Every structure is written in structure tokens, then in C-alpha cells.
Amino acid sequence: MPPGITLAADAPQLSSANTGFMLICSALVMIMTPGLAFFYGGMVRVKSTLNMLMMSFISLGIVTILWVLYGFSLSFGESNGFIGWSKDYFGLSGIGIVQLWPGYTIPIYVFAVFQLMFAVITPALISGALADRVKFSAWALFITLWVTAVYFPVAHWVWASDGWLFKKGVIDFAGGTAVHINAGAAALGVILVIGKRVGFKKDPMRPHSLPLVMLGAGLLWFGWFGFNAGSWLGNDDGVGAVMFVNTQVATAAAMLAWLLYEKLRHGSFTTLGAASGAVAGLVAITPSGGCVSPLGAIAVGAIAGLLCAMAVGLKYRFGYDDSLDVVGVHMVGGIAGSLLVGLFATGGVQSDAKGLFYGGGLDQLGKQAIGVGAVLGYSLVVSAALAFLLDKTIGMRVPEDDEVSGIDQVEHAETAYDFSGAGGGTATRTPAPAPSEKAQNKKVDA
Amino acid sequence: MKLITAVVKPHRLDEIKEALQAFGVQGLTVTEASGYGRQRGHTEVYRGAEYTVDLVPKIRIEVLVEDDDAEQLIDVVVKAARTGKIGDGKVWSVPVETAVRVRTGERGPDAL
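Values in this document were obtained by computation on a predicted structure and should not be read as measured data. (Residues numbered from 1 in each chain as written. Chains lettered and ligands numbered in written order. Predicted model: local features only at pLDDT ≥ 70, side-chain atom pairs only at ≥ 80, totals over all residues.)

Enquirer: Looking at this structure, how should I read the overall build of chain B?
Expert: Looking only at helices and strands, chain B features two helices and six strands. Each helix and strand of chain B, placed in order from N terminus to C terminus, yields the pattern β-α-β-β-β-β-α-β. Over its C-alpha trace chain B gives a radius of gyration of 17 Å, far above what one expects of a compact globule, namely 13 Å for 112 residues. The principal-axis extent of the C-alpha atoms belonging to chain B is close to 60 × 30 × 20 Å. When each of the 112 residues of chain B is scored for burial, the buried share is 18%. (Helix = DSSP H or I, 4+ residues; strand = E, 2+ residues; numbered from the N terminus. Rg over C-alpha atoms; globule rule 2.2 N^0.38 Å. Buried ≥ 20, exposed ≤ 12 C-beta atoms within 10 Å, placed from the backbone.)

Enquirer: Could you clarify how one ought to interpret the overall build of chain A in this entry?
Expert: Scanning chain A from terminus to terminus reveals 16 helices and zero strands. The C-alpha atoms of chain A give 23 Å as radius of gyration, which agrees with the globular expectation for 446 residues (22 Å, within 12%). Reported as C-alpha extents along the three principal axes, the dimensions of chain A are approximately 85 × 55 × 40 Å. Contacts in chain A between residues at least 24 apart in sequence constitute 76% of all its contacts with a sequence separation of at least 6. (Contact = placed C-beta atoms within 7 Å.)

Enquirer: What's the story with the sheet that holds strand β6 (residues 89-95) of chain B in this structure? I'm lost.
Expert: Paired through their backbone hydrogen bonds, the strands of a sheet run either parallel or antiparallel. All names here are of chain B. Reading across from one edge, β2-β5-β1-β6 is the order of the four strands in this open sheet, with antiparallel pairing throughout. Either end of the sheet is taken by a strand with one partner, and the two such strands are β2 (29-35) and β6. Ignoring strand direction, the axes of neighbouring strands in this sheet form an average angle of 20 degrees. Of the pairings in the sheet, the one linking β2 to strand β5 (residues 56-65) comprises seven bridges and is antiparallel in character. Across the sheet, residue Val30 finds its bridge partner in β5, namely Ile61. Contacts from helix α2 (residues 70-81) reach β1 (2-8), β5 and β6, with the element oriented near 10 degrees to β1. (Pairing = 2+ DSSP bridges. Axes fitted to C-alpha atoms, helices over the stretch in contact; angles between N-to-C directions.)

Enquirer: Would you take a moment to explain the UniProt feature "domain: Ammonium transporter AmtB-like" (unreviewed entry) in chain A for this structure?
Expert: In the numbering used here, UniProt assigns the "domain: Ammonium transporter AmtB-like" (unreviewed entry) feature to residues 21-417 of chain A. Between the first and last C-alpha atoms of residues 21-417 of chain A the distance is 38 Å; the span itself is 67% helix and 0% strand. (UniProt positions renumbered as here; feature names shortened; annotations may be inferred.)

Enquirer: For this particular structure, what's the right way to read the interface of chain A and chain B?
Expert: By a widely used convention, the size of an interface equals the accessible area lost when the partners come together. Contacts between the two partners involve 12 residues from chain A and, on the opposite side, seven residues from chain B. Here the residues of the side of chain A that touches chain B sort into five nonpolar, five polar and two charged. (Nonpolar A, V, L, I, M, F, W, Y, C, P; charged D, E, K, R; others polar.)

Enquirer: Which parts of the structure should I look at to understand the nonpolar core?
Expert: The tendency in soluble globular proteins is for nonpolar side chains to be buried as a group. Within the largest apolar cluster, 149 residues are counted, with the highest numbers of intra-cluster contacts made by Val29, Ala187, Leu220, Ala254, Val300, Ala304 and Cys308 of chain A. For this core, the element with the highest residue contribution is helix α3 (residues 108-126) of chain A, accounting for 15 residues. Dropping the residues within four chain positions of it, Leu220 of chain A is found in contact with Met32, Gly35, Leu36, Phe39, Val279 and Leu282 of chain A. In this structure, Ile4, Leu20, Ile61 and Leu73 of chain B belong to the second largest nonpolar core, which totals 13 residues. (Core = buried A, V, L, I, M, F, W, Y, C linked by C-beta atoms within 7 Å.)

Enquirer: Any chance you could explain the environment of Glu18 of chain B here in plain terms?
Expert: With respect to the helices, strands and loops of the structure, Glu18 of chain B is situated in helix α1 (residues 13-23). Along the sequence, Glu18 of chain B and Ala80 of chain B sit 62 residues apart, while their C-alpha atoms lie 8.8 Å from each other.

Enquirer: Teacher, can you tell me more about the UniProt feature "modified residue: O-UMP-tyrosine" (unreviewed entry) in chain B here?
Expert: All names here are of chain B. As recorded in UniProt, the sites labelled "modified residue: O-UMP-tyrosine" (unreviewed entry) are Tyr51. With respect to the helices, strands and loops of the structure, Tyr51 is situated in strand β4 (residues 49-53). Residue Tyr51 is classed as partly exposed on the basis of its 15 C-beta neighbours within 10 Å.

Enquirer: Help me understand the pairing of β1 of chain B in this model?
Expert: Within a regular strand, the side chains alternate between the two sheet faces. Residues and elements named next belong to chain B. Counting buried positions over the seven residues of β1 gives five, a clear majority of the element. Note: β1 against β5, seven bridges, orientation antiparallel. Bridge pairing in β5 places Val8 opposite Ile59.

Enquirer: Mind showing me how you'd approach helix α9 (residues 271-288) of chain A here?
Expert: Side chains that are three or four residues apart share a direction in an α-helix, a result of its 3.6 residues per turn. With 18 residues, α9 of chain A ought to run about 26 Å at 1.5 Å a step, and its terminal C-alpha atoms sit 26 Å apart, in line with that. Burial of α9 of chain A is extensive: 16 of the 18 residues sit out of reach of the surface. (Expected span 1.5 Å × (residues − 1).)

Enquirer: Just to check I follow, could you spell out the packing of α9 of chain A against helix α10 (residues 294-311) of chain A for this structure?
Expert: Packed helix pairs are specified by the crossing angle of their axes together with the interaxial distance, meaning the distance between the axes. Residues and elements named next belong to chain A. Two numbers describe how α9 lies on α10: the axes approach to 8 Å, and their chain directions differ by 130 degrees. Comparing the axis directions of α9 and α10 gives the class oblique. Where α9 crosses over α10, the two elements pack in a sense that is right-handed. Mapping the contact onto sequence places Gly277, Ala280, Gly281, Val283, Ala284, Ile285 and Ser288 in α9 and Ala297, Val300, Gly301, Ala304, Gly305, Cys308 and Ala309 in α10. When grouped by side-chain class, the residues that make up the contact of α9 with α10 number nine nonpolar, five polar and no charged. (Parallel < 35°, antiparallel > 145°, perpendicular 65-115°, else oblique. Left-handed = near helix turned anticlockwise from the far one by under 90°.)

Listed below in C-alpha cells is the structure:
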């Protein structure tokens, strides 16, 4: 996110338009986390629906607080290139309400809350790989440790103006590396430690509600306009608008590519394929949409849709239980989008860096590969280590019996759907007992 | 008395209900069921993972009738349920010892 165009003599002034736009974008990114919850929630079996929803929702709670306390400071404070810290950002308490984010036309508060939403959704993305089997308390602790040790530093490397990857010239417009490769690699690290669901590859694990999946995908697609177009932090030079267009174009192309692959390979156009293809396209255009043309966006989307459609089958071949394909869609899609910058960057939108197909040689591709490798390696190793640590201390998984009978009952003491009147039972304890009918009748009698 | 049970394709329910009403049947019970016979299941694909779904959705209809009506009523159900394609289901009857109308306490054929 390089600064917008400003004349050297003019310090940027607060822009009401950009500030309003960015507040709306922040709200759009917020809705992606519930959207993701539904996208994942519909894909699991009925007995673990609530747990899947809660794994995303809890991130809205935990990460919001951590971000205010120290996350923003670690991610965007002054630094040595690897991790930030600014005393004023601790608790967001030393920031003036009209103090502008340096080089931009929006208050620091607005930038901080926009980035907060990114920090919330990134660990939530990991949860899809861990369906049905992780203790809720362990997950809550994992999120806390993971954003602290992985997300905050990586966001700093990629987006802070003195982050080491940013300074190297790695282009990541809205989070192909910091969000998607980061979450996908973390998912891979964790599942290698905690293992497969009981019955993986044997029991049918069909999505229990594809309409929920489609609803979730729709909310993600909608919210992603804020995620992507908002990442330019304003609209003074048209780059955000290009990003908006490319987001739509790449997503459409990826959805079509996934569906076509699926039709040819497996015989049907499925709703799950449409939803998955759309998300794959959104992921891939996230790093690249600010430097490609709309035709380039079609290529990025189509390539990502195809690659991800093929990648989701790998877990069966290699035997790792990436339950809802976080690795197959977010890591693979994120890598594709990040590397394709090195091929399709036109040099005419967010920066003058040109990709291979526009006469820029292999220079940018090399930089992108460094960004991909650094984030992937760091996240994979540290996430696996955190999962290992938690597994050896409090334990990451619920007991096998509980997993088989359904994690919703055990961890949340609730049932997702009660369509049958025969579910019944009696209220054994209520916070405020209803006045008993007997007592009322007695009064009348008296 | 006899209990007639029919396990049939769900979309034939309305036809069967109308035929039974025309025949003079006063009440019936319908349950959603799943199972397989010669039809077996079908294949579903989720992100490339193929699942064979053995059990197909069916409707189970239960009717209590007097002995004399049983054979004729079975014919009525079979006629209404038939599509001629595999998976049309089955109809059978078993003898019933007692039936009681809960509201009035009537027993036997009077309870039907």
C-alpha cells in the first residue's frame, strides 16, 4: 500500500469521502467473518455445525480485543522491519481522533479498524481445516497465540512501510500472502500435528447445507469488495476502482473455470463448485488486482479456479485431512495470485513494476516468490509448533467418542436444528423460574 | 383388522391419498423413510469426492382397515403408487389384534 499521490509541499488533508468510504469498507470486511462461518458451517455434517460457526465468531471477540491492546502496535508501529511497536498505539489510546495515518487522508482510527477486520478473519480462515475435532478452549488459545506470533508480524512484513517484504518490493495489494497463504499454511501446519477426523476417507462427510454454503459465499464475495477496493485506503487516483472491477472479473472467471473443470472431470455443475470457485478467484485477485488489467484478471481468476479445483483432491492422495480445503483453496489460490503478479503486472496501475508478459522480465516474479516462500515457511513452522505445544499441554482434540457423537453437544451444549417436535425433554433449570400454575390457581381459589 | 403398509416414492403421496379418500378410508399415517430395494442408491460429488448414497428417500403410509377391505385397498394403493420405473416400492399387510380410538375408548373395527 504505497501512499496516494501527494505534492511534496502539501501534507495530506483529512478527506471526508475517503474516511466515509473506508468506514463502509471496514464494515464490509467485518461481514466476511460471519459469511465465512456460514460458508464453512454449511459444509460440515449437521452434528458439528454450531462448532464450525463458533470457530469463526470467536475470532471477532478475541482478535478485536488483542488488536486494540497490542496487535495494531505490533503490526503497524515503528520497527526494525520484522515487528513493530509504538507506545501510542497500545490500547489505541495515544492517537488523536483526527490524527491522519501517515501519507494518507484518513484518520489512524479508521485505518486501525479496517486492519482489525483483516486480523479477525485470517485466523477464522484456518478453522475450516480443523472441522469436527478441536476443543473450543484450545482453539481460542490457539487464535490468541497465532495472531500474536504469526499474523501481527507477517502483516507488518507485508504492509507496514518499513516491513522487510514491503521494502523488497513484494506486491500484496490486500492480503494474498499476509491473509491467505498465511492462513492456508497455518492450517496445513496444524492438521499435520493434530491428525485426521475419525472416519476420514471412509465415512461419507457430505455438506449438510449447501444453501448455507452459497449464502456464505455470497456474503464473502460482497464483503470482499471492501477488503480489496478498500486496501488502497482512498479513491484519489482510481486504483481502488480498478481493484473493485478486477475483483468482480476474476471471481466470475474462477467460478466458471471451476465449474467447467468439474463438469468435464466429474460430470456435474455443482453448487459447491460454484461457491468454491468464486472464493478461489477472490483469493487469487487479492494480491494481484491492483496491478493487472481486467483481461489479466480473467486470466488470474481462471488459472486460480482451475488450480484450486485440482488441488482440493490432493488431500485424499496424501492423506492429510484439510477438512474444508483451506490449504487447497486459500494457500494454493494465494500462491497462484501472488506469483501471477510476476507475470501479469502491467506496470500501469498501482506501481510501475511490470510482469514477465509486459516486458518486465523475471524481476517481479522473483520478488513475489520471496514473499510467498517467507510467509509460507514462517507460518507453517510456527503454527505447527503452536499446535504441538497446545496439544502436549491442554490437548487440541476432543475425545474420540465426543467427536463421533458430535462436537456441538459436547463443547456448546446446543443443537443446531430442532425441526422435530419430539426433541422435547424438560427444563431442569432456568435462570428465572416461571411462576408455577399451581401457585396462581391457589390464589384464585383463595 | 389389518395394517396396510406402503413404502413408496415420495411424489406419489398425493395420488395415493386421493385414491384412499375416494375408497372411503378415514385416516392414515405418513412417515418420511429412507431405504433401498432393487433401485439401490445414487452417486453424489462434492469437490471431486464421490459418495455413493445407498438410501433413497421414501414415504411410508400406514392404514388400518377391516379384513374384508384389505385386498381391495392394497390394489388401490398399488395402482396409485405405480410409475412403472424401478424404485416404485412395496405394499404389504399384517393382521392387527386390537385398535383403540384414544378419545372415545372405542375398540376394534369401531375405532377405525
